[in-house]
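Chain and residue survey
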Amino acid sequence: MYQILLYFSIPSKSKAIMKKIILLLTLSFFCSALFSQTNKAKKSTASSIFAKSDNVSAEMIFNILYLFITNKGTKKDTILLKSFEVDKLPSECKIEPFTTKGTTLHKITWQEKKTAQSKLKTEAAVTTVSVICDIASKTKVLTNEQTTTKITEIHFLDNKQTVSETIDRIRNEGFECIVNKAGDVVLKNKGKENKMIYVPADKKFVFASAGPSKKK
């Protein structure tokens, strides 16, 4: 009540000045809030470049990995590579251009890491993902995954679980994706080796041969 009486006791000229000050403070507050929100929006939509080769780049926007192709005088073309969980982003991404059957293709490779842990066992898996793209037609022509898992396990040697030993082993799944000098794809693991050749008319790789892995 005292504050209200005090306000009404202020001369009308002073009241007008106070109103102007309050209006300016209100406008300043709204402008600051708007600027802050704009800055947040700009930061959230900014992309992170994971790899680059000439006019081609692998970029992450939010949790989606895209391949961007910058063309002269036109906007960028994009190929969606993969969506990720927020806390499981790719690493060691690289882009390798190559030519096969008169067509320029790009092989994009990255790693995905995942760890599963319990009291007696830890599995640390690294998945190498390879995606081959035809940027002229904006298509993915081949996708391959190979996973190597390092397993560390504690084994007890007695019933009372007082003596134990730690055992390490490796589990491999899938095929390594190799592009040879001719531009053909070789999918290889410890026991098998499959060769794939590119068919430009169909925009895809097809199996040409399969057999046991060649020893080096």
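Here's what I pulled together on the structure shown here. All figures in this text were calculated on a predicted structure; none of them were measured in a lab.

A word on the sheet that holds strand S2 (residues 56-61)
In spatial order, the strands read S1-S2-S3-S4; together these 4 strands make up an open sheet with antiparallel pairing. Two strands lie at the open edges of the sheet, namely strand S1 (48-53) and strand S4 (77-83), each paired on one side alone. On average, adjacent strands in this sheet sit at an angle of 20° to one another, irrespective of strand direction. Looking at chain direction, S1 and S2 are connected through 5 bridges and run antiparallel. By the bridge assignment for S2, Ser53 is matched with Val56.

A short note on the nonpolar core
Counting 18 residues, the largest nonpolar core has Leu65, Leu67, Leu81, Ile95, Ile108, Trp110 and Cys133 as its most contacted members. For this core, the secondary-structure elements that each account for two or more residues are S2, strand S3 (64-69), S4, strand S5 (91-100), strand S6 (103-117) and strand S7 (121-134). In contact with Leu65, not counting residues within four places along its chain, are Ala58, Glu59, Met60, Ile79, Leu80, Leu81, Lys82, Phe84, Pro90 and Trp110. Counting residues in hydrophobic clusters, the runner-up holds 11 residues, among them Leu105, Leu142, Val185 and Phe205.

Focus: the packing of aromatic side chains
Taken as a whole and assessed by the stated rule, the structure comprises 3 aromatic pairs. Ring centres of Phe84 and Trp110 lie 6.3 Å apart, and the angle between their planes is 65°; this geometry places the pair in the edge-to-face category. Taken together, the residues Phe84 in the loop between S4 and S5 and Trp110 in strand S6 connect sequence positions 26 residues apart. We note that Phe84, like Trp110, is buried.

Conventions adopted
Every chain is numbered on its own, with residues counted from 1 as its sequence reads. In view of the model being predicted, local features appear only for residues whose pLDDT reaches at least 70, and side-chain atom pairs are presented and counted only at 80 or more, with totals across whole chains, interfaces and linings using the full set of residues. Just so you know, side-chain values use all the structure's heavy atoms and leave hydrogens and water out. A pair of strands counts as paired when DSSP detects no fewer than two bridges linking them. By the criteria applied, helices consist of DSSP H or I runs no shorter than four residues and strands consist of E runs no shorter than two, each listed in order from the N terminus. Every axis corresponds to a line fitted to the C-alpha atoms, with the helix fit spanning only the stretch in contact, and the corresponding angles, defined between N-to-C directions, vary from 0 to 180 degrees. To qualify as a nonpolar core, a set must consist of buried Ala, Val, Leu, Ile, Met, Phe, Trp, Tyr and Cys residues joined through side-chain atoms within 4.5 Å. When a residue's accessible area, from a 1.4 Å probe over protein chains only, is under 20% of the maximum for its type it is buried; when over 50% it is exposed; and in between it is partly exposed. Here, residues are in contact when the closest pair of their heavy atoms is within 4.5 Å. Geometry of aromatic contacts follows a simple scheme: Phe, Tyr and Trp rings, the Trp one being its six-membered ring, pair when their centres are within 6.5 Å, and the pair is stacked under 30 degrees between planes, edge-to-face over 60, tilted otherwise.

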